[in-house]
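# Close look at the chain arrangement
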Amino acid sequence: MEQEITTRVTPISAPSEMTAMREQCKDALDRRKTTFRVCAGTACIAGGSLDVYEELKNQIKQRGIDVDVELLFEGGETEAGASKSGCHGFCQMGPLVRIEPQGTFYNKVKVDDVPNIISATLEDQGVVEELLFENQDGSRAATEKEVPFYAGQKRIVLGGCGTINPEDIRNYFAVDGYQALAKCLQDMTPEDVVEEMKKSGLRGRGGGGFPAGRKWESAAKATGRPKYIICNADEGDPGAFMDRSLIEGNPQSVIEGMIISAYGVGAKYGVVYVRAEYPLAVTRLFLALDQAREYGLLGENIMGSGFDFDIEVFQGAGAFVCGESSALRASIEGLPGEPTAKYDHATDKGLWEKPTVLNNVETFANVPIIINQGADWYASMGTENSKGTKVFSLVGNIVNTGLIEVEMGTTLRKIIFDIGGGIPDGKPFKAVQTGGPSGGCLPADKLDMPVDFDQLKEVGSMMGSGGMIVMDEGACVVNVAKYFIEFCNDESCGKCISCRDGSAALLNILERICEGEGREEDLETMEDLCHCIDDASMCGLGTSLPNPVLSTLHYFRDEYLAHIKDKNCPAKVCKPLFTYEVITDNCKKCGLCFRNCPSDAVIWKKKEVAEIIQDKCVKCGICKEVCKFDAVE
Amino acid sequence: MVTFTLNGKELEVKEGTTLLEVARDEGINIPTLCYHEEMSSYGACRLCLVEVIKRGWPSIQPACLYPAQNGIEVNTDTERVRKSRKILLELYLARSPDSQAIIDLAKEYGVRDTRFKLKESERSDCILCGLCVRACAEISKRHAISFAHRGSKRAIQTPFEELADVCVGCQACAFVCPTGVIKIEEAD
Ligand SMILES: Cc1cc2nc3c(=O)[nH]c(=O)nc-3n(C[C@H](O)[C@H](O)[C@H](O)COP(=O)(O)O)c2cc1C
Ligand code: SF4
Ligand code: SF4
Ligand code: SF4
Ligand code: SF4
Ligand code: FES
Ligand code: FES
């Protein structure tokens, strides 16, 4: 693919040429009457989407239909083409295939479905009903827009993910790609660019929420040379995949954002710090950088403007703490990936002691959109102090898991119940953990809270990078807190005693409570320790790791007390703290529990009520699950 | 030069001077376990924390690293500092219950007991202050000692487990070790 592009490339030699380039690429896309767009994100590929893609190409060819997989710059119309895309965000329904321009949205597509899809689309002008998304009421959604998961979203940053081919820069050109950079180079001074970012109100999406425009302004004013732009794609939060998906699905938008930032602050060099465990993202990133260079969008004399900037890729070893700004810089400099105390601003003395702008992947991806649509338009979305949209990865006990994007200020309820489809099996919602492992755990009475940086902080959680883990009544909050503290203890760099031994001591108390050895004074002890960890630790990992404990202690204190005083785990998670018993009045004597118990712990005879022998019971919960009469509690 | 206040007293010091250096010059006692005036500051023991009010915003900062700045107000012995310091000392007692140096230091600040418990594998008389690492690197210029692993598994890799040929046996590390865990043994 790279090669085919090389043969046709004429580098852009003036920003004004970008308009013609866009039109040419649009025409090329339009010449194709039908496109079968196959999701080639990590999850869909794992589900076999590339086989579907190959099969589509083969079968279209076999039918004697003129098929193209590359954008054609010359020639007439083609009947159909197959093309890849990045992640659509709805990975659990993958592999996904969309038919364009109709927008028909097929999910869980298998290789065997390919003939039906082709006939329906090219011969019958119809749809394959059974591959359409099935709503909870049994009706089918023909296009993504009709699927509730997408209907409630505002996909702006993710707009290109799932709609364009991330491996072909010309597809990005066709959807206004690099128009923003052309506009900057042609019509805006670097000061204008920084001013526009400030006006947009864009805040960093990697966790801290620092205003991007202000960061750029400081770096622009700094006198050190050269200056650096770093894109943070370390993404170490378990379960989070927004940055990976953005790079896999629309790498050029991140690169364009970095180039614009470099122009604004006067930087010469850029680095993308990406997790080595993201092989597809790394591959697409390298491909995208090569293509951008070939078109004269990176390197010397960008678009003939005299502005030089190039980007290198640094593959991080993947420690969670390496995403922290000072650890990330140390790691690039070849030092141990440990946070250090820096009292100079990185915008003055950052990488190699030079002025540095460090922003997150999603932050950069917002930049071209802001330049194209204007800061005022951007600032019209969101809340007073949190503008624009935010990408979240929605996981846990929720019907629709996936990557979503909503306007800042959208309520948790809308995110979890409208977009997420609520809790499976109609179980009650219990809590949502926002902000990743060191975020907070929020209860049901916070569901109507609009989500933004400040609101989340106010209720004891944080935005973090946008992880959202939904929990139903089956989750034990003490156990949840224990899980997150264990993660932070493992990932602590180990320098500060407060963070390293403080988290170990917290874990010790939480483990004791889960084993039924908790004492009432433990709660106050944990609170004391949490405040010390926050005060005494050097970096954000330490200062925020108490959040899961403090928030659960605050919102779910009764559950801790149940563990400690009543020796009872209400969610039936902590094994020493609950039993399963048969409710004799409900038991219909069917024997299902008896037959399914893996531990021979149920006594039952025909026409007799079942009974559980506690000594033998391993508390697997299978009896409760299989009983059709709610007779096991 | 920068001007700021330390425990209510207005001071003028050279730019870049750390709060710990100023405090020591002023005869103010701040406990430390990972600081040595001949070496760079590292900031691992967290015992030197003080309260700094900058532009009206109070925060807790390590005195060994924090540079004196114009207009800040520093207090070395506030309620918040005392509380966090005591809890840190409790953590030290949990980590190194048998270290006399730790027991004595804790006692000095009124801490005789700890509410915390660490697993056997998490306890050690080495408090990971990194003084030996810096002594070897900065004073003896040998780089024979380093940190290894993350989180609770973090440990000092000494040349004494597996005699490193870079170690010249200068004993600088053993000399600076605050808990005396480093014992130099002559190799045959
Ligand atoms: C322990 C820790 C891990 C972090 N990991 C990431 C990460 O994976 N990606 C990221 O963008 N920011 C991460 N951050 C935040 C960065 O330090 C930094 O604030 C951010 O990259 C700045 O970019 P932004 O302003 O665009 O958010 C982490 C912070 C801490 C304390
Ligand atoms: S707070 Fe934790 S992760 Fe951060 S520097 Fe200290 S020990 Fe390392
Ligand atoms: S499965 Fe339920 S109803 Fe059937 S015997 Fe067991 S407890 Fe009774
Ligand atoms: S919980 Fe599991 S082991 Fe216990 S009685 Fe039920 S099925 Fe048997
Ligand atoms: S061996 Fe001694 S000097 Fe070295 S880190 Fe441990 S306590 Fe500090
Ligand atoms: S990878 Fe296909 S939808 Fe996410
Ligand atoms: S002396 Fe400052 S952290 Fe140890």
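Residues numbered from 1 in each chain as written. Chains lettered and ligands numbered in written order. Predicted model: local features only at pLDDT ≥ 70, side-chain atom pairs only at ≥ 80, totals over all residues. Heavy atoms only, no water.

### As for the overall build of chain B
Across its full length, chain B carries five helices and seven strands. Along chain B, from the amino end to the carboxyl end, the secondary structure elements read β-β-α-β-β-β-α-α-α-β-β-α. Referenced to the eigenvectors of the C-alpha coordinate spread, the extents of chain B come out at roughly 60 × 40 × 30 Å. Here chain B holds 188 residues, and 51% of them are scored as buried. Expressed as a percentage of contacts within chain B between residues at least 6 apart in sequence, the contacts between residues at least 24 apart total 51%. (Helix = DSSP H or I, 4+ residues; strand = E, 2+ residues; numbered from the N terminus. Buried < 20%, exposed > 50% of the residue type's maximum accessible area, 1.4 Å probe, protein only. Contact = heavy atoms within 4.5 Å.)

### Things to note about the domain arrangement of chain A
Residue and element names in this part refer to chain A. Each assigned domain of chain A is listed here: domain 1 (25-147), domain 2 (169-379), domain 3 (389-472), domain 4 (477-564) and domain 5 (579-633). Contacts between the two partners involve 14 residues from domain 1 and, on the opposite side, eleven residues from domain 2. Overall, the association of domain 1 and domain 2 removes approximately 1000 Å² of surface from exposure, summing both partners, and the carbon and sulfur fraction of that is 55%. Our count for the domain 1 to domain 2 interface comes out at zero salt bridges. Counting the contacts that link domain 1 with domain 2 gives two residue pairs in polar contact (both at pLDDT 80 or more). Here the side of domain 1 that touches domain 2 takes three residues from helix H2 (residues 17-30), the largest share from any one element. In the side of domain 1 that touches domain 2, the residues fall into eight nonpolar, three polar and three charged. (Domains from an automatic or database assignment. Buried area = accessible area lost by both parts, 1.4 Å probe. Salt bridge = Lys/Arg side-chain N within 4 Å of Asp/Glu carboxyl O. Polar contact = N/O pair within 3.5 Å; in protein donor to acceptor, adjacent residues only side chain to side chain. Nonpolar A, V, L, I, M, F, W, Y, C, P; charged D, E, K, R; others polar.)

### Side note on the sheet that holds strand S2 (residues 9-13) of chain B
Residue and element names in this part refer to chain B. Ordered by their spatial adjacency, five strands build an open sheet running S2-S1-S5-S3-S4, and the pairing between neighbours is mixed. Looking at which strands have only one partner, the edges of the open sheet turn out to be S2 and strand S4 (57-62). The mean inter-strand angle of the sheet, taken between neighbouring strand axes irrespective of direction, is 30°. Note: strand S3 (residues 49-54) against strand S5 (residues 73-75), three bridges, orientation antiparallel. By the bridge assignment for S5, Glu51 is matched with Asn75. (Pairing = 2+ DSSP bridges. Axes fitted to C-alpha atoms, helices over the stretch in contact; angles between N-to-C directions.)

### Brief notes about the interface of chain A and chain B
At the interface, 31 residues of chain A touch 34 residues of chain B. Each partner contributes to the roughly 2700 Å² buried at the junction of chain A and chain B, and carbon and sulfur atoms together form 55% of this total. On the chain A side of the contact with chain B, A:Tyr343, A:Ile497 and A:Asp535 bury the most area, a combined 25% of that side's loss. Where B:Arg150 meets A:Glu491, a salt bridge forms, and the shortest distance between an N and an O atom there is 3.6 Å. Counting the contacts that link chain A with chain B gives twelve residue pairs in polar contact (both at pLDDT 80 or more). Elements represented by at least two residues in the side of chain A that touches chain B include exactly helix H19 (477-491), helix H20 (497-514) and helix H21 (521-536) of chain A.

### Regarding a negative patch on the surface
On the surface, B:Glu21, B:Asp25, B:Glu37 and B:Glu38 cluster together into a negatively charged patch. One can find B:Glu21 in helix H1 (residues 19-25). (Patch = residues over 30% accessible without salt bridge, like charges linked within 9 Å, V, L, I, M, F, W, Y side chains within 5 Å. Areas by Shrake-Rupley, 256 points an atom, 1.4 Å probe, with all protein chains shown as cover. Lys, Arg positive; Asp, Glu negative; His and termini not counted. Charge placed at Lys NZ, Arg CZ, Asp CG, Glu CD.)

### A few points about the nonpolar core
Grouped together as the largest cluster of nonpolar side chains are 156 residues, with contacts concentrated most on A:Met526, B:Phe4 and B:Leu19. Sorting elements by how many residues they give to this core places H20(A) first, with ten residues. When residues no more than four places from it in sequence are discounted, the contact partners of A:Met526 are A:Leu506, A:Ile509, A:Leu510, A:Ile513, A:Val549, A:Leu553 and A:Tyr560. Counting 75 residues, the second-largest nonpolar core is a separate cluster that includes A:Cys25, A:Ala182, A:Val282 and A:Val357. (Core = buried A, V, L, I, M, F, W, Y, C linked by side-chain atoms within 4.5 Å.)

### As for the site of ligand 4
In the neighbourhood of ligand 4, 14 residues make up the surrounding shell, with A:Cys597, A:Cys617, A:Cys620, A:Gly621 and A:Cys623 lying closest. Partitioned by chemical class, the residues of the shell around ligand 4 number eleven nonpolar, two polar and one charged. (Near = heavy atom within 4 Å.)

### Description of the domain arrangement of chain B
All names here are of chain B. We note that the domain assignment places domain 1 (2-78), domain 2 (81-122) and domain 3 (131-176) within chain B. With centres defined by C-alpha atoms, the gap from domain 1 to domain 3 works out at 28 Å. With nine residues of domain 1 at the contact, the number on the domain 3 side is eight residues. Taking both sides of the interface into account, the surface hidden between domain 1 and domain 3 amounts to around 690 Å²; carbon and sulfur atoms contribute 60%. When residues of domain 1 are sorted by the area they lose upon contact with domain 3, Met39, Ser40 and Tyr42 head the list and together hold 69% of the total. Connecting domain 1 to domain 3 are zero salt bridges. For the pair domain 1 and domain 3, the number of links is four residue pairs in polar contact (both at pLDDT 80 or more). Partitioning the side of domain 1 that touches domain 3 into residue classes produces five nonpolar, three polar and one charged.

### Re the packing of helix H10 (residues 212-221) of chain A against helix H12 (residues 251-265) of chain A
Residues and elements named next belong to chain A. Axis separation between H10 and H12 bottoms out at 8 Å; the angle between their running directions is 45°. By the angle between their directions, the pair H10 and H12 is classed as oblique. Touching Trp216, Ala219 and Ala220 of H10 are Gly257, Ile260, Ser261, Gly264 and Val265, all from H12. Grouping the constituent residues of the contact of H10 with H12 by class yields five nonpolar, three polar and no charged. (Parallel < 35°, antiparallel > 145°, perpendicular 65-115°, else oblique.)

### Quick notes on the side chain of A:Glu405
Residue and element names in this part refer to chain A. Tracing the sequence through the fold places Glu405 in strand S14 (residues 402-407). We note that Glu405 is buried and unpaired, the nearest opposite charge coming from Arg155 at a distance of 6.0 Å. From its side chain, Glu405 meets the backbone nitrogen of Leu158 in a polar contact 2.8 Å long.

### Points about the pattern of salt bridges
According to the stated counting rule, one finds 43 salt bridges over all chains in the structure shown. The closest approach of N and O atoms between B:Lys83 and A:Asp528, which form a salt bridge, is 3.6 Å. You can see B:Lys83 sitting in helix H2 (residues 79-95) and its partner A:Asp528 sitting in helix H21, one on each of two chains. As a salt-bridge pair, B:Arg82 and B:Asp77 come within 3.4 Å of each other at their nearest N and O atoms. One network of salt bridges, in which partners are shared, links A:Arg37, A:Arg98, A:Glu100 and A:Glu144.

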